[in-house]
Amino acid sequence: MRTKFLLPETKQAPYLERVNGSSAPIIIEKSPFTLGRNESCDYQVPSTRVSREHATITKDGKHYRIKDLGSTNGTLVNGKKVGEALLNDGDLLTFADAEFCFRTPCTEASRVTVTHVMNGGPAAQESEQLTGEDRAGRDFIQAVRSLHEGLLHRALRTRFQPVVELATGHAIGYEAIRRVESLQGDMPVTERLLQTVDCRLTERVHQLHRLLATEQAAAEASGNLLLLSLQPAEVGADGLPETLAALQAKLARKRLIAQIPHSAVVDIPFFRDFLSRLRELNVGVCYAGFSSGQNQIRAHEQFAPDYLQLASSLVRGVDRSTQRQQQIKALVEAAVAAGSQIIVTGIHSENEAQTCRELGCQIAQGDHYGRPQTMQWGSLV
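Starting afresh in each chain, residues are numbered from 1 along the sequence in its written order. Reporting of local features is limited, given that this is a predicted model, to residues whose pLDDT is at least 70; pairs of side-chain atoms are given and counted only at 80 or more, and all residues count toward the totals for whole chains, interfaces and linings. Side-chain metrics rest on all non-hydrogen atoms present in the structure, leaving aside hydrogens and water.

### Thoughts on the packing of helix H6 (residues 240–250) against helix H7 (residues 269–280)
Put simply, the test is: To get an axis, fit a line to the C-alpha atoms, keeping to the stretch in contact for a helix; angles then go from 0 to 180 degrees between the N-to-C directions. Secondary structure elements are defined from DSSP: runs of H or I of at least 4 residues count as helices, runs of E of at least 2 residues count as strands, and each element is numbered from the N terminus. Roughly parallel here means an angle under 35 degrees, roughly antiparallel means over 145, roughly perpendicular means 65 to 115, and every remaining angle is called oblique. Left-handed describes a crossing whose near helix is turned anticlockwise from the far helix by less than a right angle; the clockwise case is right-handed. The contact rule is simple, with two residues in contact once any of their heavy atoms fall within 4.5 Å. Amino acid classes used here: Ala, Val, Leu, Ile, Met, Phe, Trp, Tyr, Cys and Pro are nonpolar; Asp, Glu, Lys and Arg are charged; the rest, including Gly, are polar.
Here H6 crosses H7 at 25 degrees, and the two axes come no closer than 9 Å. Put simply, H6 runs roughly parallel to H7. Crossing of H6 against H7: the hand is right-handed. Each of Leu240, Pro241, Glu242 and Leu244 in H6 lies in contact with H7, whose residues at this interface are Phe274, Arg277 and Leu278. Among the residues making up the contact of H6 with H7, the classes are represented as 5 nonpolar, no polar and 2 charged.

### Focus: the pairing of strand S17 (residues 225–229)
Basically, it comes down to this: Throughout, exposure labels follow a simple rule: accessible area from a 1.4 Å probe, protein chains only, divided by the maximum for the residue type, with under 20% read as buried, over 50% as exposed, and the rest as partly exposed. Whether two strands pair comes down to DSSP finding at least two bridges between them. When the strands point away from the viewer, a crossover counts as right-handed if the path from the first strand over the helix to the second runs clockwise.
Of all 5 residues in S17, 4 are buried, a share of seventy percent or more. As judged from the 5 bridges shared by S17 and strand S18 (residues 255–261), these two strands associate in the parallel manner. Each bridged residue has a counterpart across the sheet, and for Ser229 the counterpart in S18 is Gln259. In this fold, the crossover linking S17 to S18 by way of H6 has right-handed handedness.

### Considering the side chain of Gln365
Relative to the helices and strands, Gln365 is located in the loop between strand S22 (363–364) and strand S23 (375–376). In this structure, Gln365 is in contact with Gln161, Pro162, Val163, Glu175, Gln309, Ile343, Val344, Thr345, Gly346 and Ile347, ignoring residues within four places of it in sequence.

### Some thoughts on the nonpolar core
To keep things clear, this is the line we draw: Among buried residues, those of type Ala, Val, Leu, Ile, Met, Phe, Trp, Tyr and Cys that are joined through side-chain atoms within 4.5 Å constitute a nonpolar core.
Ranked by internal contacts, the top residues of the largest apolar core, which has 52 residues, are Ile260, Tyr287 and Val344. Per-element accounting of this core gives the leading share, 6 residues, to helix H10 (residues 322–338). Apart from residues no more than four positions distant in its own chain, Ile260 is found in contact with Leu230, Val235, Val265, Phe271, Phe274, Leu275, Leu278, Val285, Cys286, Tyr287 and Ala288. Counting residues in hydrophobic clusters, the runner-up holds 22 residues, among them Val77, Leu87, Ala98 and Phe102.

### With respect to empty space enclosed by the protein
For clarity, the cut-off: Grid points spaced at 1 Å over the protein atoms alone were grouped into cavities, where a 1.4 Å probe fits but cannot get out, and pockets, open sets with protein on both sides within 12 Å along at least five of seven lines, with lining residues defined by an atom within 4 Å of a point. Grid points are joined across faces, edges and corners, and a volume is the space filled by probe spheres set on the points.
What the rule picks out here adds up to 2 cavities of 30 Å³ or more. Put simply, the largest cavity is a space of about 40 Å³. Forming the walls of the largest cavity are Tyr287, Ile297, His300, Ala304, Pro305, Leu308 and Ser340. Taken together, the residues that form the lining of the largest cavity break down as 5 nonpolar, 2 polar and no charged. Here the second largest cavity defines a volume of roughly 30 Å³.

### Thoughts on unusual backbone geometry
Between Ser31 and Pro32 the backbone carries a cis peptide bond, its omega angle lying at 0 degrees. Tracing the sequence through the fold places Pro32 in the loop between strand S4 (30–31) and strand S5 (33–36). Even without glycine at this site, Ala252 takes up a positive phi of about 60 degrees. A relative accessible area of 62% places Ala252 in the exposed class. A positive phi angle, close to 65 degrees, is found at Asn282, a residue other than glycine. Tracing the backbone through its elements, the reader meets Asn282 in the loop between H7 and strand S19 (284–290). With relative accessibility at 46%, the residue Asn282 sits in the partly exposed group.

What follows is the structure, given as structure tokens:
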């Protein structure tokens, strides 16, 4: 059984707003109201990552409730995956890679918005009295709005850490490290709240970071490599290899290296296909944060990367640890056999650098060779 809401001229039914603002509000005029990829759904979401029947929104007394319908990629409310949950005005709903803001049926004048909170209006004092999940939810939405502002103004600062040849200490490339800032300065709260969230907004942040890093690195005279990080949730995403290839084209003679977190490396078809596509498009591959043994490298031989970036914990104090020296030497030998090059990270002293050279390492990063710095006018500053 479905209930249809009668709509006067003012909005008296809940509705959804697309986060990117690219379409008119979606009035939820039935209960239950289904969303999914099928044409039979009350609202058809145009995304291949959304399930055929993904979720429903149902009136529950004076409230509204969302329910995931066993979708493949899940339903998130304010960044948290849910099976079923009550909805509040302003909640951010994510269906795979499609994002919406849920709005309740009330007049615009009576709505307490996050914008009021950010502008220090009456709601700002009200937010100080909130506790627990209510406060966390409001803080999250405020962080989302702040990040939107950062994206609008391209307020992402990229720092570049040198990647050097161990034998000479000369920079052969740079790793781009993202730092988000607001127009007024740093945004540490926003960063903390969004670190564990994978949604369309954070995806756009990563995309903008890679674009800006590429534009700056293309103007830098030195170094032939640019290491750009991927997030675990991005690995295997449709169209990402082509996006990276477009960035590679901006670098001219330099080589783009996609850093894939080692935790996201899996021996399954979709990952192999993703890796093959990167190689077809001449995008290099680096497994980052590697901290396993040589047996794990041998297990990766069929899809070995161009570079294997060791976790800094393996290198720290290597000049004073026989065990670490043996471990790194074994990793170097296994990597050479697999056709990969080791990048040791976290080098803080010449003693550590010398030990790594003696163990057969050829490429390194660390404060000893230069901390991450911004790049302006074609040079590191």
